[in-house]
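# Overview (structure and organization)
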Amino acid sequence: QVQLAESGGGLVQAGGSLRLSCAASGRINVIAWYRQIPGKRRELVASIDSSGITNYTDSVKGRFTISRDNAKNTAYLQMNNLNPEDTGAYYCNADYKLRGNGYGYWGQGTQVTVSS
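This is a predicted model, so every value here is computed, not measured.

### Observations concerning the nonpolar core
Ranked by size, the top nonpolar core spans 25 residues in total, and within it Trp33, Val45, Phe64, Leu77, Met79 and Tyr90 carry the most contacts. Counting only elements with at least two residues in this core, the list comes to strand E3 (18-24), strand E4 (30-36), strand E5 (43-48), strand E7 (64-69), strand E8 (74-79), strand E9 (88-95) and strand E11 (110-115). The greatest single-element share of this core, amounting to four residues, is contributed by E3. Those residues in contact with Met79, other than ones at most four positions away along the chain, are Gly16, Ser17, Leu18, Leu20, Arg63, Phe64, Tyr90 and Val112.

Structure follows, in structure tokens:
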């Protein structure tokens, strides 16, 4: 069983940056970042598989970067040029493959708030 702990959220001005971290208690295969924007369904933001192949939702392409450090069992989400529409709770997900909501292991979430 894998336990995940997110950190790095906070309050930032529009146009600013944040770097989220996801520390895992053990080895991870596929790791993904999801976010819960108020009033909307939880959505996939980015994913990275065991070989380093990444995917991003269209709204964050060119602004966010997902990465991983296998030696530390840690994944990151670098978020640049943030806008108020990025505000929400961000969750880390680990799974043997990308299966989505309700599957795999989940962290408790970290809040990102972007002011206008």
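### Some remarks on the pattern of salt bridges
One pass over the structure, following the stated rule, counts five salt bridges. Between Arg35 and Asp86 there is a salt bridge, with its nearest N and O atoms 2.9 Å apart. Residue Arg35 is located in strand E4, and its partner Asp86 is located in the loop between E8 and E9; the two are separated by 51 residues in the primary sequence. The exposure class of Arg35 is buried, given its relative accessible area of 3%. The class for Asp86 is buried, based on a relative accessible area of 1%.

### Brief notes about the sheet that holds E3
Here we have four strands laid out as an open sheet, ordered E1-E3-E8-E7, and antiparallel in their pairing. Two strands bound the open sheet, and with one partner strand each, they are strand E1 (4-7) and E7. On average, each strand axis in the sheet is tilted by 15° relative to the strand beside it, whichever way the strands run. Of the pairings in the sheet, the one linking E3 to E8 comprises six bridges and is antiparallel in character.

### Side note on the state of the cysteines
Applying the stated rule across the entire model yields one disulfide. Through a disulfide, Cys22 is tied to Cys92; the S-S separation comes to 2.0 Å. Taking the torsion about the S-S bond as the criterion, the Cys22 to Cys92 disulfide, at about -80°, is left-handed. Placement of the pair is Cys22 in strand E3 and Cys92 in strand E9, with a sequence separation of 70 residues. Neither Cys22 nor Cys92 differs from the other in exposure class; each is buried.

### A look at the pairing of E4
Most of E4 is tucked away, with six of its seven residues classed as buried. Across seven bridges, the pairing between E4 and E9 is antiparallel. By the bridge assignment for E9, Gln36 is matched with Ala89. Bridge count for E4 against E5 is five bridges, and the pairing is antiparallel. Looking at the pairing, Ile31 lines up with Ile48 of E5. Following E4, the chain reverses through six residues before pairing antiparallel with E5; Gly39 in that reversal takes a positive phi of roughly 85°.

Definitions and limits used
Residues numbered from 1 in each chain as written. Predicted model: local features only at pLDDT ≥ 70, side-chain atom pairs only at ≥ 80, totals over all residues. Heavy atoms only, no water. Core = buried A, V, L, I, M, F, W, Y, C linked by side-chain atoms within 4.5 Å. Buried < 20%, exposed > 50% of the residue type's maximum accessible area, 1.4 Å probe, protein only. Helix = DSSP H or I, 4+ residues; strand = E, 2+ residues; numbered from the N terminus. Contact = heavy atoms within 4.5 Å. Salt bridge = Lys/Arg side-chain N within 4 Å of Asp/Glu carboxyl O. Pairing = 2+ DSSP bridges. Axes fitted to C-alpha atoms, helices over the stretch in contact; angles between N-to-C directions. Disulfide = S-S within 2.5 Å.

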